[in-house]
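Each chain is listed here by its residues.
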Amino acid sequence: MTPIWRLDWDESLSVCIPEIDAEHRHFMQLINELNEAIVGRMGMAQIKSCMQAVIYDAEAHFAHEEALFREWDYPETEQHMSRHAEIIQALHEIMGRFEHDGLEYELIEAGLAVKAALIEHLLTEDMKYRDYCLVSGNRCGTDA
Ligand SMILES: [Fe+2]
Ligand SMILES: [Fe+2]
């Protein structure tokens, strides 16, 4: 009954900015590692270390996106930044659940919550700046 899932990259997830696509691929990899640690019952120390890696990675990635928004004069910067802040808060809240040994299903749900928060953000908010860049011609399809 253990849910086995794995995030795999495909082109529909591309925001047309190679450096950002690379970061999104990387955090999908970290989410997979977190899930593997949970379903593989690798122990709380390992699970927490994977979760910490997700948080550091999300913080660095969000800061990078926000720097690009300023460069582009992206009109939805404020709204997007507040979504980022909410996700970081949610990730810390999930990390808190790992502080006391949870039941297996609670850990699995925590892994799913991390996946849902980050992937939903990519598919909704991040796709809005992809569309903006496509229309405005900002860096789209170019490398750093
Ligand atoms: Fe992103
Ligand atoms: Fe974002």
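The structure under discussion appears in the preceding block.
The rules behind these values
Residues numbered from 1 in each chain as written. Chains lettered and ligands numbered in written order. Predicted model: local features only at pLDDT ≥ 70, side-chain atom pairs only at ≥ 80, totals over all residues. Heavy atoms only, no water. Donors = N, O, S within 2.8 Å, 3.2 Å for Na, K, Ca; no water. Tetrahedral: all angles 85-135°; square planar, octahedral: opposite > 155°, others 65-115°. Buried < 20%, exposed > 50% of the residue type's maximum accessible area, 1.4 Å probe, protein only. Helix = DSSP H or I, 4+ residues; strand = E, 2+ residues; numbered from the N terminus. Contact = heavy atoms within 4.5 Å. Axes fitted to C-alpha atoms, helices over the stretch in contact; angles between N-to-C directions. Parallel < 35°, antiparallel > 145°, perpendicular 65-115°, else oblique. Left-handed = near helix turned anticlockwise from the far one by under 90°. Nonpolar A, V, L, I, M, F, W, Y, C, P; charged D, E, K, R; others polar. Salt bridge = Lys/Arg side-chain N within 4 Å of Asp/Glu carboxyl O. Polar contact = N/O pair within 3.5 Å; in protein donor to acceptor, adjacent residues only side chain to side chain.

What's the story with the coordination of the iron ion (ligand 1) in this structure? I'm lost.
Octahedral metals with six donors have ideal donor angles of 90 or 180 degrees. Tetrahedral metals with four donors have an ideal donor angle of 109.5 degrees. Around the iron ion (ligand 1), the protein supplies His24 (NE2), His61 (NE2), Glu65 (OE) and Asp126 (OD) as donor atoms, at distances of 2.1 to 2.2 Å. Classification of the site at the iron ion (ligand 1) rests on its four donor atoms, whose angles at the metal span 84 to 169 degrees, yielding the label irregular. Mapped onto the polypeptide sequence, the residues donating to the iron ion (ligand 1) form the spacing pattern H-x36-H-x3-E-x60-D. Taken as an interatomic distance, the gap from the iron ion (ligand 1) to the iron ion (ligand 2) is 3.6 Å; Glu65 donates to each of them.

I'm lost on the coordination of the iron ion (ligand 2) in this one. Help?
The protein atoms donating to the iron ion (ligand 2) are Glu65 (OE), His80 (NE2), His84 (NE2), His121 (NE2) and Asp126 (OD), with metal-donor distances spanning 2.1 to 2.3 Å. Taken in sequence order, the residues that donate to the iron ion (ligand 2) follow the motif E-x14-H-x3-H-x36-H-x4-D. For His80, a relative accessible area of 1% gives the class buried.

Just to check I follow, could you spell out the side chain of His84 for this structure?
With respect to the element layout, His84 can be found in helix 3 (residues 77-97). A relative accessible area of 2% means that His84 is categorised as buried. In contact with His84, other than residues within four places in its own chain, are Phe62, Glu65, Glu66, Phe69, His121 and Asp126.

Would you explain the packing of helix 1 (residues 18-39) against helix 2 (residues 44-72) in this entry?
The axes of two packed helices give the description: the angle between them and the distance between them. Close contact between helix 1 and helix 2 brings their axes to 9 Å; oriented N to C, the two are set at 165 degrees. Judged by the angle between their axes, helix 1 and helix 2 are roughly antiparallel. In this structure, helix 1 crosses over helix 2, and the sense of that crossing is left-handed. Seen from helix 1, the contacting residues are Glu19, Ile20, Glu23, His24, His26, Phe27, Leu30, Ile31, Glu33, Leu34, Ala37 and Ile38; seen from helix 2, they are Gln46, Ile47, Cys50, Met51, Ala53, Val54, Asp57, His61, His64, Glu65 and Leu68. Grouping the amino acids of the contact of helix 1 with helix 2 by side-chain chemistry returns 13 nonpolar, five polar and five charged.

How should the pattern of salt bridges be read in this particular structure?
Two side chains with opposite charge may pair up if their charged atoms get near one another. This model, assessed by the stated rule, comprises seven salt bridges. Note that Arg6 is salt-bridged to Asp8, the shortest N-O span being 3.7 Å. The exposure class of Arg6 is partly exposed, given its relative accessible area of 43%. Taking the shortest distance from any N to any O, the salt bridge between Arg130 and Asp131 comes out at 3.2 Å. When its relative accessible area of 22% is taken as the criterion, Arg130 is described as partly exposed. Each of the salt bridges in this network shares a partner with another, and the network as a whole consists of Arg6, Asp8 and Glu36.

Before we go on, may I ask you to explain the side chain of His80 in this structure?
Take His80: it is sitting in helix 3. There is a polar contact of 3.0 Å between the side chain of His80 and the side chain of His121. Those residues in contact with His80 that lie beyond four places of it in its chain are Glu65, Phe69, Tyr74, His121, Glu125, Asp126 and Tyr129.

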